[in-house]
Structures are given as structure tokens and as C-alpha cells.
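Listed here are the chains, written in short residue letters.
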Amino acid sequence: MTGAGAAAQNRIDEIIAGRFACRDFSGEPVGRGTIEQILRVARFAPSGANIQPWHVYVLAGAAKDRVSAAVRKAHETARDAHVSEYSYYASDLPEPYLQRRQEFGRLFYGSLGIAQTDSDARSAQTAKNYAFFGAPIGLIVTIDRRLQVGSWLDLGMFVQNVLLAAAGHGLQSCPQETFSKYHGILRPLLSIPAEQMVVCGISIGRARHQITGRLMPRADIAEFASFAGFKEQSATQMERTRPWEAETN
Ligand SMILES: Cc1cc2nc3c(=O)[nH]c(=O)nc-3n(C[C@H](O)[C@H](O)[C@H](O)COP(=O)(O)O)c2cc1C
């Protein structure tokens, strides 16, 4: 596994490799015009047959606070009564995903000083999701339940575009599947039609603290990519022959 380090070679690379899941925002406001611009750009995500299967509810101020309060209350008083309308994770996670998820837990809770066995502290951390981690903007993303899995692929591209467009404005973000569990609370509050399924939330704002390094590593490309038909050396092989230019992170 390696960090973002020298992965970026241009501005788009920098934005993609520099994005991270921010879970501590300053409350500094972000104007509607900025969010509209982010969405105006994000809508250029590709989608099969250009069906553009996304819908977002954009929340700020009192509207966001109302949603946060209702979902937090449900989390505190009746969390077992709420279930997401879709499964995010396979119930029996095969390798190498299981080991990566375990590493996530170690790194994530370790960075917060929370023991993985401390269920109260973990639940309190989960509750911060519902306050959009203090961000001034919260999005709730939905998809029409009559669509198929391909449209979820399109939706993921749209969500990533939102995160990257936000980064282009110097804003941080966090996608949050945890909101899907509370669709029963969100639906009446936001007048979400019955055919729409709550997929995730997204927090957007400015990070409270400057981030110095990436917390979550990524697998090397050799772990997920197979190459065929190339005559030239790979970048990694070239680095080995030109060690003075090799990445140092
Ligand atoms: C669709 C999606 C849903 C996620 N849901 C949550 C969430 O509910 N709460 C949270 O704190 N992080 C959530 N994350 C953030 C991931 O934990 C994070 O992206 C991953 O650990 C990699 O870290 P990085 O984004 O900082 O590189 C979600 C990410 C994605 C893509």
C-alpha cells in the first residue's frame, strides 16, 4: 500500500489524489452559488445512455440542523429500528477486502484514539456523521429504485464529481452511506418521493485543520491492474533504473 505522495503530476491528479474523507469541518459558511457551481460541474458525469440518474437535496442552516437533530435522535434512541434499503457491504467479505476493511478500522479508530472494542465511543463517532461533521452544507443523494445496478455506477461517478468539484473550490467533503439507514426519518422531512431511495449523504465545507498527510493508503496498481501488449517499460521499472527521480514518500 502507498500514499498519494508523488501520484499527482498535474492539477487534476492533485485534486483527485489530494481529496480525502474529511470528518472535522469548521462551520465557516459556504454560499448557495458555490454549491450550485459544484453541482453544475458534477452533472457532467457520464451515465449510460445519458440518463443522469441522480437527485440531491442540498441542506444548509436551519434546514440542515432540523435534519441533523432528527437523525441524531433516531440514532440515540432507536438505531436498531432503522435499516438501509440497500446493502453496502457483502455480509461475508472475502479477501483482500476483509483485510483492507480491518486495516481501515485500525487506522480510523487509531487516529481518533478510540479502542475498537469501545462501542460507546464508536457510536459517538458515528453520531458525528449526522451533524455532517460540523460542515455548513449537507447533501442527501437519492436514486430512483426502479433503476438497475448500472445506474448506481453512474451515480457513483456523479458523487465523485461532487467531491472533486468541491475540492476545486478549496472545499473538503465526506461521502456518507450512514444516512441511508435513516431514510424513514429523511423521507418525510425532505419530502422524498416513495420511488427515490436514499443512497448517501455528503458533507461539504472547509476542514477545521490543515491536513498534512493521507490517513488511508491505497493498494499499488500491481494489485488491481493487469497490463498486456505494452512494449515500453512501466513507470515503476523506470524509477528503479533512475533512482534519483524515484518517489520519496
Ligand atoms: C459511498 C461512500 C460512503 C461512505 N460512507 C461513509 C460514512 O458513512 N461515514 C464516514 O465517516 N466515511 C464514509 N466514507 C468514507 C470512506 O471511509 C473513505 O472514503 C475511505 O476510508 C478512504 O479514505 P479517503 O476517502 O480519506 O481516501 C464513505 C465513502 C464512500 C465512497
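Each residue is numbered by its place in its chain's sequence as written, counting from 1. Local features in this predicted model are restricted to residues whose pLDDT is 70 or higher, and side-chain atom pairs enter the listing and the counts only when it is 80 or higher, whereas totals over whole chains, interfaces and linings include all residues. To get the side-chain values, take all heavy atoms of the structure and skip hydrogens and water.

Engineer: Honestly, the overall build of the protein chain in this entry has me stumped. Any pointers?
Structural biologist: Secondary structure elements are defined from DSSP: runs of H or I of at least 4 residues count as helices, runs of E of at least 2 residues count as strands, and each element is numbered from the N terminus. Scanning the protein chain for helices and strands turns up eight helices and five strands. Taken from the N to the C terminus, the helices and strands of the protein chain come in the order α-β-α-β-α-α-α-β-α-β-α-β-α. The globule rule is 2.2 Å times the number of residues to the power 0.38, and the radius of gyration it is compared with is taken over C-alpha atoms. In terms of overall size, the protein chain behaves like a compact globule, its C-alpha atoms giving a radius of gyration of 20 Å where 249 residues would be expected to give roughly 18 Å. For the C-alpha atoms alone, the extent of the protein chain along its principal axes is close to 60 × 45 × 40 Å. A buried classification covers 35% of the 249 residues belonging to the protein chain. Partly exposed describes any residue whose relative accessible area lies between the buried limit of under 20% and the exposed limit of over 50%, with all areas from a 1.4 Å probe on protein chains only and scaled to the type maximum.

Engineer: I tried to follow the layout of surface pockets on my own but got confused; where do I start?
Structural biologist: Rolled over the atoms, a probe sized like a water molecule indicates the empty space that remains. A cavity, in this analysis, means grid points on a 1 Å lattice covering only the protein atoms where a 1.4 Å probe fits yet has no way out; a pocket is instead an open set bounded by protein on both sides within 12 Å along at least five of seven lines, and a residue lines either one if it has an atom within 4 Å of a point. Grid points are joined across faces, edges and corners, and a volume is the space filled by probe spheres set on the points. The computed volume of the second largest pocket comes to approximately 230 Å³. Contributing to the lining of the second largest pocket are 14 residues, with Gly18, Phe20, Gln172, Ile211 and Thr212 lying nearest its centre. The residue classification treats Ala, Val, Leu, Ile, Met, Phe, Trp, Tyr, Cys and Pro as nonpolar and Asp, Glu, Lys and Arg as charged. All others, Gly included, are polar. Among the residues forming the lining of the second largest pocket, the class breakdown is five nonpolar, seven polar and two charged.

Engineer: Sorry if this is basic, but what is going on with the site of the ligand here?
Structural biologist: Put simply, a residue is near a molecule or strand once any heavy atom of it comes within 4 Å of that molecule or strand. With respect to spatial proximity, 16 residues lie near the ligand, and among them Ala21, Arg23, Glu177, Arg214 and Arg218 are the closest. Any pair of nitrogen or oxygen atoms within 3.5 Å is treated as a polar contact; in protein, a donor-acceptor pairing is required on top of that, and neighbouring residues in sequence qualify only through side-chain atoms on both sides. A distance of 2.6 Å separates an oxygen atom of the ligand from a polar side-chain atom of Arg23. Arg218 places a side-chain nitrogen or oxygen 2.8 Å from an oxygen atom of the ligand. Protein contacts shield 76% of the accessible area of the ligand, which totals 620 Å² for the unbound molecule. The residue makeup of the shell around the ligand, split by class, is eight nonpolar, three polar and five charged. For accessible areas, the Shrake-Rupley method is used with a probe of radius 1.4 Å. Any residue's cover is judged against the shown protein chains and nothing else.

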